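One-letter residues, chain by chain:
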Amino acid sequence: MGKKIMVIEDDTDIRETMVYALEDEGYEVVASENARILKSLDRHNPDLILLDNWLSDWKSDANGQQLSRQLKSDPVTMHIPIIIVSAISNLKQVAEDGLADGYLKKPFDLTELTGIVKKFTR
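Predicted model, so just to flag it, every value in this text is computed and none were measured.

S.K.: Help me out: how do you make sense of helix H3 (residues 64-73) in this one?
M.R.: Side chains that are three or four residues apart share a direction in an α-helix, a result of its 3.6 residues per turn. Buried residues of H3: Gly64, Gln65, Leu67, Ser68, Leu71 and Lys72, and no others. Buried residues along H3 cover an arc of 160° about the axis, so they all sit on one side. Residues of H3 that are exposed and point more than 90 degrees away from the buried face comprise Gln70 and Ser73. At its buried positions, H3 is contacted by helix H2 (41-44), strand E3 (48-52), strand E4 (82-86) and helix H4 (91-97).

S.K.: Help me understand the sheet that holds strand E1 (residues 4-8), please; the structure alone is not making it clear to me.
M.R.: In a beta sheet, neighbouring strands pair by backbone hydrogen bonds and run either parallel or antiparallel. Strand order across the open sheet formed by 5 strands is E2-E1-E3-E4-E5, with parallel pairing between neighbours. Both outer strands of the open sheet, strand E2 (28-32) and strand E5 (102-105), are each paired with one neighbouring strand and no more. Neighbouring strand axes in the sheet, compared pairwise and without regard to direction, differ in orientation by 20° on average. Across 4 bridges, the pairing between E3 and E4 is parallel. Paired with Ile49 across the strands is Ile82, a residue of E4.

S.K.: Please explain the environment of His44 as it appears in this structure.
M.R.: If you trace the backbone, His44 turns up in helix H2. The spatial distance from the C-alpha of His44 to the C-alpha of Ile5 is 9.3 Å, given a sequence separation of 39 residues. Apart from the residues lying within four places of it in its own chain, the contact partners of His44 are Lys4, Met6, Val30 and Ile37.

S.K.: Explain the nonpolar core to me, please; I cannot follow it from the model alone.
M.R.: Grouped together as the largest cluster of nonpolar side chains are 20 residues, with contacts concentrated most on Met6, Ile8, Leu38, Ile49 and Leu51. Contributions of two or more residues to this core are made by E1, E3, H3, E4 and H4. The biggest single contributor to this core is H4, with 3 residues. Excluding anything up to four places from it in sequence, Leu38 contacts Met6, Ile8, Ile49, Leu67 and Leu71. The next biggest cluster of nonpolar side chains, apart from the first, holds 17 residues, and it includes Leu22, Leu48, Ile83 and Leu104.

Basis of the calculations
Residues numbered from 1 in each chain as written. Predicted model: local features only at pLDDT ≥ 70, side-chain atom pairs only at ≥ 80, totals over all residues. Heavy atoms only, no water. Buried < 20%, exposed > 50% of the residue type's maximum accessible area, 1.4 Å probe, protein only. Helix = DSSP H or I, 4+ residues; strand = E, 2+ residues; numbered from the N terminus. Arc of directions from axis to C-beta. Contact = heavy atoms within 4.5 Å. Pairing = 2+ DSSP bridges. Axes fitted to C-alpha atoms, helices over the stretch in contact; angles between N-to-C directions. Core = buried A, V, L, I, M, F, W, Y, C linked by side-chain atoms within 4.5 Å.

Dropping the structure here:
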């Protein structure tokens, strides 16, 4: 198997599309509809995290930007590239403020998805 990608996306259709496209490119994918999977990062050991900025199950005072900042502030997880995924208009700024390595604007096409994943998993 190739590099391992963690996809955290609460929209089932988007999550399944991402998983299908990435597996088709040879990546191993671990996917979840919520951020609880982050508690098992040491078990999954992903090479990249694709993180939806708005997770419907998450407590109201946290979002992908804040989760990214927490992961990037932890010496154990700071090396993992994080891409924030969202349709918000100020996504670039949200990603920067969250210390994320990049961002992917929804709606995206599969070429954009696989391109950004390749960029951060070389």
